[in-house]
Amino acid sequence: MDRSAEFRRWKAQCLSKADLSRKGSVDEDIVELVQLLNAQEQFFTTSSCAGRILLLDGGINCFEVQKQNCCWLLVTHKPCVKDDVIVALKKANGDASLKFEPFILHVQCRQLQDAQILHSVAIDSGFRNSGITVGKRGKTMLAVRSTHGLEVPLSHKGKLMVTEDYIDFLLNVANQKLEENKKRIGRFYNCLQHALEREAISNSHPKIKEKNHPSYTDKKKRNPEKAHGKCITEENDEELENDDDDNPGINVTLFPEDY
């Protein structure tokens, strides 16, 4: 089976499966983005989260290490208020932590060049921790991630260790991060549209395609406005340059085992 046919088979299998996430469906804020990606023959999404504020009861790092042993006291994809957290904390028996988790998206790509285009879109939109992995079987995955998360312990063994004023302060920070996260998703969607339009033009004109697809370059050597039809304003570009890593470049991992 050739690679293109195998990719189509993987895509059909993935998109036909039931959504096994806790919510059971794609988050409202990224439905259009997921639909746009899945409508392209060279991409399909495998998992996603629009970003959320969580209150977990368990170890401080339980979400990464022992997720199954954590109790989800509160989860919301919308701005959160102090009263909701205070009520939820009354149910805590262990070490409760407040977390903000930014947007994350995993996309399987037909080939490395497709992943590089999407990686460039992610970086230019503010998701500076994005990266590409290539499996032994040829599966090319792009993870869209950023670094503006938040995790703060609030209680220990069921006892509240901070004041309500501090909880109110933390929620203001978390809600601001949630709002910035939403803006970045919007930038990602707009930049993706520009990139897809540019790619379609390139594919229909071989000489343009050859000109627009040189070897993949470092972030400092690229001009995001030229690469994506001015999908980032000067104000947004300055904002992104001051956030996350100064020079994210590209992160490509080759899996040593079957993937």
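All values derive from a computational prediction rather than experimental measurement. (Residues numbered from 1 in each chain as written. Predicted model: local features only at pLDDT ≥ 70, side-chain atom pairs only at ≥ 80, totals over all residues. Heavy atoms only, no water.)

Q: Explain the nonpolar core to me, using residue names and the numbers behind them.
A: If you look at the biggest cluster of nonpolar residues, it comprises 27 residues, and the most contacted ones within it are L37, F103, L105, L118, V144, F188 and L192. Taken together, the elements giving at least two residues each to this core come down to helix 2 (31–38), strand 5 (104–109), helix 5 (112–124), strand 6 (131–134), strand 7 (140–144) and helix 6 (164–204). It is helix 6 that contributes the most residues to this core, six residues altogether. If we ignore the near neighbours within four places in the chain, the residues touching L105 are L33, L37, T45, S47, S48, L142, A143, V144 and F188. (Core = buried A, V, L, I, M, F, W, Y, C linked by side-chain atoms within 4.5 Å. Buried < 20%, exposed > 50% of the residue type's maximum accessible area, 1.4 Å probe, protein only. Helix = DSSP H or I, 4+ residues; strand = E, 2+ residues; numbered from the N terminus. Contact = heavy atoms within 4.5 Å.)

Q: Describe the confidence of the model for the protein, with residues and values.
A: Here the protein averages 81 in pLDDT, and 73% of its residues register 70 or above. Here residues 214–230 scores under 50 on pLDDT; set against residues more than four positions off or in separate chains, the count is 34 contacts. A low-confidence stretch, residues 232–242 stays under pLDDT 50, and its non-local contacts, those more than four residues away or across chains, total 20 contacts. (pLDDT = per-residue confidence, 0-100.)

Q: Which residues make up the sheet that holds strand 4 (residues 96–101), and what values do they have?
A: Strand order in the open sheet made by the four strands is 3-2-4-8, with antiparallel pairing throughout. Looking along the sheet, the strands with just one partner apiece sit at the ends: strand 3 (71–76) and strand 8 (150–153). On average, each strand axis in the sheet is inclined to that of its neighbour by 15 degrees, with strand direction left out of account. Of the pairings in the sheet, the one linking strand 4 to strand 8 comprises four bridges and is antiparallel in character. The residue bridging S97 from the neighbouring strand is P153, located in strand 8. Across the face of the sheet, helix 4 (residues 82–89) comes into contact with strand 2 (52–57), strand 3 and strand 4 while running at roughly 170 degrees to strand 3. (Pairing = 2+ DSSP bridges. Axes fitted to C-alpha atoms, helices over the stretch in contact; angles between N-to-C directions.)

Q: Which residues make up the packing of aromatic side chains, and what values do they have?
A: With the rule as written, the count across this model stands at five aromatic pairs. Centre to centre, the rings of F127 and F188 are 6.1 Å apart; their planes meet at 80 degrees, and the pair counts as edge-to-face. You can see F127 sitting in the loop between helix 5 and strand 6 and its partner F188 sitting in helix 6, a full 61 residues away along the chain. The exposure class of F188 is buried, given its relative accessible area of 0%. Counting every residue linked through ring pairs, the aromatic cluster contains F103, F127 and F188. We note K139 situated over the ring of W10; from NZ or CZ to the ring centre the distance is 5.0 Å. (Phe/Tyr/Trp six-rings, centres within 6.5 Å; stacked < 30°, edge-to-face > 60°. Lys NZ or Arg CZ within 6 Å of the ring centre and 35° of its normal.)

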